[in-house]
Amino acid sequence: MHVRLNKPDYRSMSLLKFQRQFGSEKECWEWLLQTRWPEGFCCPRCGHSEYTLMEKRDLYLCRSCRYQASLTAGTIFHKTRTPLVKWFWLIYRMATSKTGVSIAEMQRELEVRDYRTMWVMAHKIRKARADRDAHYRLAGLIEVDESLFGPSSSGKVGRGAKRKSVVIVAVSTWLNSSGKEEPGFAHAFVAEDASADTIEAMLKRLTVPVNEVKPLITSLRSDGWKSYRKVTKKLGIIHYRAILSDPKDTMRLLPWTHRLIANAKAVVSGPHRGVSNKHLQRYLSEVCYRFKRPLWPDESFHRLLNACATTTTVTADQLMAPQTSAEQVQ
Ligand SMILES: [Zn+2]
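Computed from a predicted model, the values in this text were never measured in an experiment.

The rules behind each value
- Residues numbered from 1 in each chain as written.
- Predicted model: local features only at pLDDT ≥ 70, side-chain atom pairs only at ≥ 80, totals over all residues.
- Heavy atoms only, no water.
- Pairing = 2+ DSSP bridges.
- Helix = DSSP H or I, 4+ residues; strand = E, 2+ residues; numbered from the N terminus.
- Axes fitted to C-alpha atoms, helices over the stretch in contact; angles between N-to-C directions.
- Contact = heavy atoms within 4.5 Å.
- Donors = N, O, S within 2.8 Å, 3.2 Å for Na, K, Ca; no water.
- Buried < 20%, exposed > 50% of the residue type's maximum accessible area, 1.4 Å probe, protein only.
- Patch = residues over 30% accessible without salt bridge, like charges linked within 9 Å, V, L, I, M, F, W, Y side chains within 5 Å.
- Areas by Shrake-Rupley, 256 points an atom, 1.4 Å probe, with all protein chains shown as cover.
- Salt bridge = Lys/Arg side-chain N within 4 Å of Asp/Glu carboxyl O.
- Lys, Arg positive; Asp, Glu negative; His and termini not counted.
- Charge placed at Lys NZ, Arg CZ, Asp CG, Glu CD.
- Expected span 1.5 Å × (residues − 1).
- Phe/Tyr/Trp six-rings, centres within 6.5 Å; stacked < 30°, edge-to-face > 60°.

Trainee: How would you explain the sheet that holds strand S7 (residues 217-222) if you had to name every residue and give the values?
Mentor: One open sheet accounts for five strands, arranged S6-S5-S4-S7-S8; its pairing is mixed. Looking at strand neighbours, the two that pair on one side only are strand S6 (181-191) and strand S8 (238-241), the edges of this open sheet. On average, adjacent strands in this sheet sit at an angle of 25° to one another, irrespective of strand direction. Each of strand S4 (140-149), strand S5 (165-175), S6 and S7 is contacted by helix H10 (residues 255-269), which is oriented at about 35° to S4, the strand it contacts most.

Trainee: Explain the coordination of the zinc ion residue by residue, including any values.
Mentor: A metal bound by six donors in octahedral fashion has ideal angles of 90 or 180 degrees, whereas one bound by four tetrahedral donors has an ideal angle of 109.5 degrees. Taken together, the protein ligands of the zinc ion are Cys43 (SG), Cys46 (SG), Cys62 (SG) and Cys65 (SG), with distances of 2.3 to 2.4 Å. Written as a sequence motif, the donor arrangement for the zinc ion is C-x2-C-x15-C-x2-C. In this pair, cysteine 43 sits in the loop between helix H2 (25-36) and strand S1 (51-53) while cysteine 65 sits in the loop between strand S2 (59-62) and strand S3 (68-70), placing the two residues 22 residues apart along the sequence. You can call cysteine 43 buried: its relative accessible area is 3%. Exposure remark for cysteine 65: the relative accessible area of 23% places this residue in the partly exposed category.

Trainee: A description of the sheet that holds S1 should follow, citing residues and the corresponding values.
Mentor: The strands that make up a sheet are held in pairs by hydrogen bonds between backbone atoms, and each pair lies either parallel or antiparallel. Strand order in the open sheet formed by three strands is S1-S2-S3, with antiparallel pairing between adjacent strands. Two strands bound the open sheet, and with one partner strand each, they are S1 and S3. Averaged over all pairs of adjacent strands, the angle between their axes in this sheet comes to 30°, without regard to strand direction. Summarising the sheet, S2 and S3 pair through three bridges and their orientation is antiparallel. Across the sheet, the residue bridging to tyrosine 60 is alanine 69, located in S3.

Trainee: I'd like a description of a positive patch on the surface, backed by residues and values.
Mentor: On the surface, Lys226, Arg229, Lys230 and Arg241 cluster together to form a positively charged patch. Broken down by element, the positive patch gets its largest block of residues, three residues, from helix H8 (residues 226-235).

Trainee: Before we move on, can you summarise H2 with the specific residues and values?
Mentor: Because the α-helix completes a turn every 3.6 residues, residues three or four places apart line up on one side. An ideal rise of 1.5 Å per residue puts 16 Å on 12 residues; H2 measures up with 17 Å between its terminal C-alpha atoms. Of the positions making up H2, those classed as buried are Cys28, Trp29, Trp31, Leu32 and Leu33. In this structure, the buried residues of H2 make contact with helix H1 (15-21), S2, helix H3 (84-96) and helix H12 (300-310).

Trainee: An account of the packing of aromatic side chains is needed here, citing residue identities and associated values.
Mentor: Within this structure, the stated rule accounts for 17 aromatic pairs. Pairing phenylalanine 41 with tyrosine 51 gives two aromatic rings, centres 5.1 Å apart and planes at 55°, and the pair type is tilted. Here phenylalanine 41, found in the loop between H2 and S1, pairs with tyrosine 51, found in strand S1; they are 10 residues apart in sequence, far enough to count as distant. A residue is classified by how much of its surface remains accessible, and phenylalanine 41, at 6% relative accessible area, is buried. Summarising the aromatic geometry, the rings of phenylalanine 77 and tryptophan 87 are spaced 5.4 Å apart at their centres and angled 80° between planes, so their arrangement reads as edge-to-face. Of this pair, phenylalanine 77 sits in the loop between S3 and H3 while tryptophan 87 sits in helix H3, placing them 10 residues apart in sequence.

Printed below as a string of structure tokens:
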């Protein structure tokens, strides 16, 4: 007999549908309740199903053991003072926008008085996305390239350049039913340099467990930079070297990393102009998240909403701390 699991609702969501379903605070809480306890309330401590709803809407008092279960614990909404309606609207905008949303614009739209509150909300959502993405691993053939981000950055202008951030990008690929190559999951990291050691550490972090790098990543495609040659030789991975005699060839020979880098540069110079190096990693994670979304064009809102309702929360202080690439791929 098949066991039917509760399948999250990933149907497409137009603006009108969104407003109909999440138009009031009550509806947003209802959604969260059904997502967290699909079979109805279940006490996390004793499993009892009867409760008393406390005055604060997110606290459920177990009638058997008196445990106070929080509906928002373990979600990014935990202890928020901002109405869920505003949160859900922000998630909707971030999930459906092609170019990313500006925090100042959202602050006006949602009538959130404090810029910092808005900033923390947006970054909690980004963090939820990144946590989700950390579950996806690259495998098979991956395409790797690196680029420089920073003041007047215009691409690859010498790997030793100062004051810019080296960003290494990796995109996994797969063959569709007609044998055509498609991009799969993507990752981008702010790195110290583009040395063989850095690249090796990155490849190892992309796959778990560490000692099984070989079976997971079988081959690597790059522009042939010596670090890639060194690493692939060391790890016994097949290395396809794209010979770039004309810069225009990048599009054709390293199509996915090239597109990912172009997307990231558009975001950093677009709505989020002036992204500091400190936060670059988080913006890159967002670009990576959107890069592979075309696999599920209509489902992005519900996927992101579910990620927000199932990821552990972070504090504003943790968000303000500089990100390292290690945090992204644990
Ligand atoms: Zn209980």
